[in-house]
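# Structural overview
Listed here are the chains, written in short residue letters.
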Amino acid sequence: MSGTGTGVGKTVVTAAVAALAMNDGQRVAVLKPAQTGVAPGEPGDLADVRRLAGDVTTCELRRYPDPLSPEAAARRSGLPEVTPADVAAAATRLHEDHDLVLVEGAGGLLVRFDSTGGTLADVAWALAAPVVVVAEAGLGTLNATALTAEVATRRGLDVLGVVIGAWPSNPDLAARCNAADLPVAAAAPLLGALPAGLAAVNGQEFLDEARKGLAPWLGGSFDPDLFARAAAATGT
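Residues numbered from 1 in each chain as written. Predicted model: local features only at pLDDT ≥ 70, side-chain atom pairs only at ≥ 80, totals over all residues. Heavy atoms only, no water.

The chain goes by ATP-dependent dethiobiotin synthetase BioD in an unreviewed UniProt entry, where it is assigned to Saccharomonospora azurea NA-128. We quote the UniProt Subcellular location (unreviewed entry) comment for the chain here in full: "Cytoplasm". Here the chain is described in UniProt, under the heading Catalytic activity (unreviewed entry), as follows: "(7R,8S)-7,8-diammoniononanoate + CO2 + ATP = (4R,5S)-dethiobiotin + ADP + phosphate + 3 H(+)". (UniProt positions renumbered as here; feature names shortened; annotations may be inferred.)

Okay, here's the thing in structure tokens:
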């Protein structure tokens, strides 16, 4: 699971995919290679995943206190780096007794994990894993999404599709147009749009919204064509 940047809704999308898979009877694990900007003992992204999705297996490899890229945060803290090889090995171990292993990156696809330049793209390549791109809804998202998808494709990765991490309740003109334009920018299907504020709910309400907001590829019932038409009609 890669975002086009920070704060785009990766954790909520990860939790939504996990919740649907668990509801379908699958054994699910969520791996967070590096959590930054969180002190020891404080709840991080995986705590949110467990709160939203339920009893899912979670694994965090490294934690750094500074809100920076994993490489920079490791350098400043003096703590060990996490490498793509570490992440791939952990994902492989989790896959031994889980049906689905979701890897949530830090920031975008090319954010550096270590001083040799290892990134989430290297992890996906090592695991031969598809990439889901989580994007923003509004102005500027098309360029960021196109860049993410293009570099993934050039590196031989399979971009499964794009999910809008936080669809606003009152979308502006840019967001309404992006509902149709994002899959063009990504050269991949629109696999969902989760409502903004979804992190504030849990239990059955979260599961219901996840099902409505994610496409069948991810376990839900979202129809991208209906969504794009409804978005275009909003405000007309």
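Once the structure has been displayed, the description carries forward.
### Side note on unusual backbone geometry
Phi at Ala-128 is positive, roughly 55°, even though this residue is not glycine. Looking at the element boundaries, Ala-128 is found in the loop between helix 5 (120-127) and strand 5 (131-135). Phi at Ala-187 is positive, roughly 50°, even though this residue is not glycine. With respect to the helices and strands, the residue Ala-187 is situated in the loop between helix 7 (173-186) and strand 7 (190-195). (Helix = DSSP H or I, 4+ residues; strand = E, 2+ residues; numbered from the N terminus.)

### Description of the UniProt feature "binding site: substrate" (unreviewed entry) in the chain
Here, the residues flagged by UniProt with the feature "binding site: substrate" (unreviewed entry) are Thr-36. Its place among the elements puts Thr-36 in strand 2 (residues 28-36). Its relative accessible area of 19% is what places Thr-36 among the buried residues. Residues in contact with Thr-36, not counting those within four places in the same chain, are Tyr-64, Asp-66, Pro-67, Leu-68, Ser-69, Pro-70 and Ala-73. (Buried < 20%, exposed > 50% of the residue type's maximum accessible area, 1.4 Å probe, protein only. Contact = heavy atoms within 4.5 Å.)

### Here we look at the pattern of salt bridges
What the rule picks out here adds up to 13 salt bridges. Asp-99 serves as the salt-bridge partner of Arg-27, at 3.1 Å between the closest nitrogen and oxygen. With Arg-27 in the loop between helix 1 (10-23) and strand 2 and Asp-99 in the loop between helix 4 (84-95) and strand 4 (100-103), this pair connects stretches of sequence that are 72 residues apart. For Asp-99, a relative accessible area of 37% corresponds to the partly exposed category. Residues Arg-154 and Glu-150 are paired through a salt bridge, measuring 3.2 Å at the closest nitrogen-oxygen approach. Note that Arg-154 and Glu-150 are positioned in helix 6 (residues 141-154) at a spacing of 4 residues, about one turn of the helix. Residue Arg-154 is classed as exposed on the basis of its relative accessible area of 70%. (Salt bridge = Lys/Arg side-chain N within 4 Å of Asp/Glu carboxyl O.)

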